[in-house]
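For reference, the chains in residue letters:
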Amino acid sequence: MKKFNIRKVLDGLTAGSSSLSSSSQQQQQQQQPPGSRENEVQETLQSEHFQLCKTVRHGFPYQPSALAFDPVQKILAVGTQTGALRLFGRPGVECYCQHDSGAAVIQLQFLINEGALVSALADDTLHLWNLRQKRPAILHSLKFSRERITFCHLPFQSKWLYVGTERGNIHIVNVESFTLSGYVIMWNKAIELSSKSHPGPVVHISDNPMDEGKLLIGFESGTVVLWDLKSKKADYRYTHDEAIHSVAWHHEGKQFICSHSDGTLTIWNVKSPTKPVQTITPHGKQLKDGKKPEPCKPILKVEFKTTRSGEPFIILSGGLSYDTVGRRPCLTVMHGKSTAVLEMDYSIVDFLTLCETPYPNDFQEPYAVVVLLEKDLVLIDLAQNGYPIFENPYPLSIHESPVTCCEYFADCPVDVIPALYFVGARQKRQGYSKKEWPISGGNWGLGTQSYPEIIITGHADGSVKFWDASAITLQVLYKLKTSKVFEKSRNKDDRPNTDIVDEDPYAIQIISWCPESRMLCIAGVSAHVIIYRFSKQEVTTEVIPMLEIRLLYEINDVDSPELEQVPPLPTPVGGSNPQPIPPQTHPSTSSSSSDGLRDNVPCLKVKNSPLKQSPGYQTELVIQLVWVGGEPPQQITSLAVNSSYGIVVFGNCNGIAMVDYLQKAVLLNLGTIELYGSNDPYRREPRSPRKSRQPSGGKSKNCYILIMASCLCGISCLYFYSMKNLHSTILTGLCDINEGTVVPEDRCKSPTSAKMSRKLSLPTELKPDLDIKDNSFSRSRSSSVTSIDKESREAISALHFCETYTRKTDSSPSPCLWVGTTLGTVLVIALNIPPCGEQRLLQPVIVSPSGTILRLKGGILRMAFLDTTGCLVPPAYEPWREYNVPEEKDEKDKLKKRRPVSVSPSSSQEINENQYAVICSEKQAKVISLPAQNCVYKQNITDTSFVLRGDIVALSNSICLACFCANGHIMTFSLPSLRPLLDVYYLPLTNMRIARTFCFTNNGQALYLVSPTEIQRLTYSQETCENLQEMLGELFTPVEAPEAPNRGFFKGLFGGGAQSLDREELFGESASGKASRSLAQHIPGPGGIEGVKGAASGVVSELARARLALDERGQKLGDLEERTGAMLSSAESFSKHAHEMMLKYKDKKWYQF
């Protein structure tokens, strides 16, 4: 594995931008008057607590290309087109490796029961992998320079690998030394001398199961040759008109079968080369008059497996007739007179038949078929009628629908995973094979991490999946389908309102989850928000509660003579009591404004029929933004839910909306400008959205609705700080950078359609860089509108509920909401929550902007709060309880008296003690003392790039800020002093999928979607890196090879049975000489134990490495001692029995025996 270049920065000493920030920090501290700095917090985190390394990779191997299985170790290997190697053992034992070249893996060959694997790559390189260590590594490589590798074959219990090439030659490699033998089978000697054409590349090599000295060679053109290795000549040549794709032996070595490009199978007797004994067209239509069946598609692979008690199995892929247009790919199983055609969901890449014996000269006794599909792995049970599939225990369904966002939660409440497993167990499909999963090799690691971890993934089809990610494993717990609350469109005429997106209108953009209360809130791509409550009881909801919100602001064009001047609305500071809007009991019908534009219509239609909700997450409220004046609602950019307050809040580029989901009422609906009130620094004149006001046709031409695609928090500031090296990456994926969309490489069409991309308004200085004509903004504007265009595109980018000081004059903390925008502004909204119980449901929540405004450079990403000891102050929450069970009177009384849980670590905190607000933006981080609102610490994170993700996380009983920048750096800072602790160049921003899914969590864990089908987990904790070796599972376990088949008395007496071959005598240097040096180059690999561990662990200290080495050496010595003891006891037992035999027969004559 790649060793990372880690630059650990000691206290106050950084390079690059960090040095600038630390100097500015010192200047700022010097400028502060004495006493403005709060009491110093004792910080425990140091740079030695941090280290970055990859841990595990989950999910289906992206773009698979090769498959192999070790029938003794029971380990499965999958190679990919990007040079990745995934190894699977028993459930929970997985391993990921990567070829440095990144070339596609074309074939894999296990050294069966040897703990090694040979991989052949498209760049004509062979690699030998050592699987006897937890992090497999390459021991040897062999690079061919004059020939292209097309096929490899390694006989069971042999050290000589046959390598076929594109030129039709066969070379032989010693897998122990990884050197070429001088023995070569040339194509011109293998074919008929009279043949005038080249036979084509080698597509098959295998030795006769009963005679290792006979090698069967299949050429693409249709020629098959049985080569005698000893005499170095061809015994038989079999010719056919159609090209060959694969060949398979009968275990007795008297027959073999070939699959051809015309959809036929030919069965040949070894000693009858003139014509096949049988020709089969499995899917061809049998024509009358004895004519040949119509040609079919090529049979890409065939396997011929025998059983003791019945007919042999012929298993093949492909071969369907050409008239089956649109039919799914099939695997065909022919057993005696029965033929079963098993349809697959995706194209078949490869398949293997799993058999009871590894010996090719014995009855194979097949029991399962493993089928590698383009996007799935399927195991078929051959022993049961109907060929059912095995239930796959690996987490390979991450990409069942493309992932659009994900969140990671470490150190969750211990009861959450069992609760999710309980409701998820009811969702499992039936009809699987009753047998155990046959891939059962390896051993689990000894995990030291015991805290619960949960990963939540949002998908393009509107589904949300919960995964148990504890102890570096992954297992699906529960799946929620959010689209169930909406009417499904049956035809194109039924979906006039969903043209905000071309497809995937239910795609998840943002997930907000409270593990303690189990409240879940999602925001979708169609500007919809759904709030869910967890319940273990099944309920039927007669009417789905829903709200429709008209969220829009407009800018007055002050230079236009036709515009009527509207005075700015005063912003209340003392408090406001908004009128609750009653929830609508059915979806609103389509309406239009006076000029015929669509208006007051949501993008999706909520079901108006009763909804049966299974145990799990059940719909509490559906909120939808509506069309305004012919413009679709803008997608949601931020979302937060608080179970203690019963409030959900969300925002987009137009403004912010707050909803009381207990009373089903809208509390706040303001444009972003209106949050400023009279403190707006941009001198904008807003007009607040009013549901009763319809835009008139006469004024609409002067009202410019500024539209912006909902970007991932902070991406917008990329345009203000020009980065030429990232322009090509960011701008090409501009339509796909919001949190709920899919990168073009992931899907043919992304959830945000091209229709959304044309509404994106860019800063003028970047427009020449784009080869795009923005038709929707080609209308003429006055100079004043252009001047405020930049400022007006201010989206809500961060939201955080807390109990803190809202104003400088506050003497005690109170509930409030902190709002961050893409222009770097933080605004505070005060909340007045009624008491719990019945009063909470009857009295309104009072919401009022506090007037507090803070500013940072770059869009706001994350906010958090610390107490005076530096401990995190999480938002208050309401502990989970079952809402669907009738409550007793006593419990109702308790509920009335119950207060929300405020989980401040310092419970003895005095009323007048201070707090720290930690705010992270795309450019910098600030720590602000409350209630004084003094900036006590500041750190400029980056000047030349921008932060994509920032999280305030717990590590080693302390708190730090973790950031991932677009330039590929991962950085951590202490809190509250913002000392740089870690700065590692890890991963450049190569696509928007990484930006959309990267997230940090507690205990030094992080993850991102490394491919459309795989999650990569990593750690930035030194402790986890040191323990990683113990946590990983072992692939290789000592297993005795099964006994070889018995030759029988008569076969042994008369020379029947399998014939062995001394390959060393044939292929060794003494017999065949040395191979040409120019043919292939040997490259030693970093396969030593020490080298592998160094690469795997990044920068593990020398002491830790030595300890690991000593542990392994001690383990090996212990194994050796045990084996020696066993041999000693065996020898003593033998000596004792021999002595007893000697005493028994000592005095007897020979004829008495």
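The coordinates are above.
These figures come from a predicted structure and were not determined experimentally. (Residues numbered from 1 in each chain as written. Predicted model: local features only at pLDDT ≥ 70, side-chain atom pairs only at ≥ 80, totals over all residues. Heavy atoms only, no water.)

S.K.: I'd love a proper account of the sheet that holds strand E31 (residues 453-459), names of residues and values included.
M.R.: Strand pairing within a sheet occurs via backbone hydrogen bonds; the two strands may be parallel or antiparallel. In space, the four strands of this open sheet follow the order E30-E31-E32-E33, with antiparallel pairing throughout. Each end of this open sheet is capped by a strand with a single partner; those strands are strand E30 (403-410) and strand E33 (475-481). When the angles between neighbouring strand axes are averaged without regard to direction, this sheet yields 20°. For strand E32 (residues 463-468) and E33, the ladder comprises six bridges, and the chain directions are antiparallel. Residue pairing for E33: phenylalanine 466 is matched across the bridge by tyrosine 478. The sheet contacts of helix H3 (residues 416-424) involve E31, E32 and E33, and relative to E33 the element is tilted by about 65°. (Pairing = 2+ DSSP bridges. Helix = DSSP H or I, 4+ residues; strand = E, 2+ residues; numbered from the N terminus. Axes fitted to C-alpha atoms, helices over the stretch in contact; angles between N-to-C directions. Contact = heavy atoms within 4.5 Å.)

S.K.: Residue-level account of helix H14 (residues 1022-1031), with values.
M.R.: Buried within H14 are the following residues: Gln1022, Thr1024, Cys1025, Leu1028, Gln1029 and Met1031. At the N-terminal boundary of H14, the capping side chain belongs to serine 1021, with an oxygen 3.3 Å from the backbone nitrogen of glutamate 1023. (Buried < 20%, exposed > 50% of the residue type's maximum accessible area, 1.4 Å probe, protein only. Polar contact = N/O pair within 3.5 Å; in protein donor to acceptor, adjacent residues only side chain to side chain.)

S.K.: I'd like a rundown of the nonpolar core, residues and numbers included.
M.R.: Residues Leu420, Ile454, Phe466, Trp513, Leu520 and Tyr617 are the most contacted members of the largest nonpolar core, which totals 33 residues. With five residues, H3 is the single largest residue contributor to this core. Those residues in contact with tryptophan 513 that lie beyond four places of it in its chain are Phe409, Val416, Ile454, Ile456, Phe466, Arg518, Met519, Leu520 and Tyr617. Ranked by size, the runner-up nonpolar core spans 27 residues in total, among them Tyr986, Leu989, Ala995 and Phe998. (Core = buried A, V, L, I, M, F, W, Y, C linked by side-chain atoms within 4.5 Å.)

S.K.: Describe in detail the packing of aromatic side chains, supporting the description with residues and values.
M.R.: Two descriptors summarise a pair of aromatic rings, namely the distance from one centre to the other and the angle between the planes of the rings. Following the criterion strictly, the structure yields 27 aromatic pairs and no others. Look at phenylalanine 409 and tryptophan 513: their rings are 5.0 Å apart centre to centre, the planes differ by 80°, and that puts the pair in the edge-to-face class. On the criterion of sequence distance, the pair formed by phenylalanine 409 in strand E30 and tryptophan 513 in strand E34 (residues 508-514) is long-range, its members being 104 residues apart. In this pair, the class of phenylalanine 409 matches that of tryptophan 513, namely buried. Residues phenylalanine 534 and tryptophan 880 carry aromatic rings whose centres are separated by 5.8 Å and whose planes lie at 65° to one another, so their mutual orientation is edge-to-face. Of this pair, phenylalanine 534 sits in strand E36 (residues 528-535) while tryptophan 880 sits in the loop between strand E53 (860-866) and helix H12 (889-897), and the two are 346 residues apart along the sequence. Three or more aromatic residues link up through ring pairs in this structure, and these residues are Phe50, Phe964, Tyr986, Phe998, Phe1000, Tyr1008 and Tyr1020. Note that arginine 90 overlies the ring of tryptophan 444, its terminal NZ or CZ placed 5.1 Å from the centroid. (Phe/Tyr/Trp six-rings, centres within 6.5 Å; stacked < 30°, edge-to-face > 60°. Lys NZ or Arg CZ within 6 Å of the ring centre and 35° of its normal.)

S.K.: Tell me about the pattern of salt bridges, residues and numbers included.
M.R.: As enumerated under the stated definition, the model contains 29 salt bridges in all. The salt bridge involving glutamate 343 is made with arginine 327; its shortest N-O contact spans 3.5 Å. Here glutamate 343 is found in strand E26 (residues 338-343), whereas its partner arginine 327 is found in the loop between strand E24 (313-318) and strand E25 (330-335), with 16 residues between them in sequence. Judged by relative accessible area, glutamate 343 falls into the partly exposed class, the value being 40%. The structure contains a network of salt bridges with shared partners spanning Arg57, Arg86, Glu94 and Glu1014. (Salt bridge = Lys/Arg side-chain N within 4 Å of Asp/Glu carboxyl O.)

S.K.: Quick rundown of unusual backbone geometry? Include the residues and the values.
M.R.: Note that the residue after leucine 930, namely proline 931, is joined by a cis bond; omega there is 5°. For proline 931, the location among the structural elements is in the loop between strand E55 (924-930) and strand E56 (934-940). The phi torsion at aspartate 124 lies on the positive side, around 65°, for a residue other than glycine. Tracing the backbone shows aspartate 124 in the loop between strand E8 (116-121) and strand E9 (125-130). On the basis of relative accessibility, which here comes to 8%, the residue aspartate 124 falls in the buried class. Positioned with a positive phi, glutamate 365 is a non-glycine residue whose angle comes to about 50°. Considering the arrangement of structural elements, one finds glutamate 365 in the loop between strand E27 (348-355) and strand E28 (366-373).

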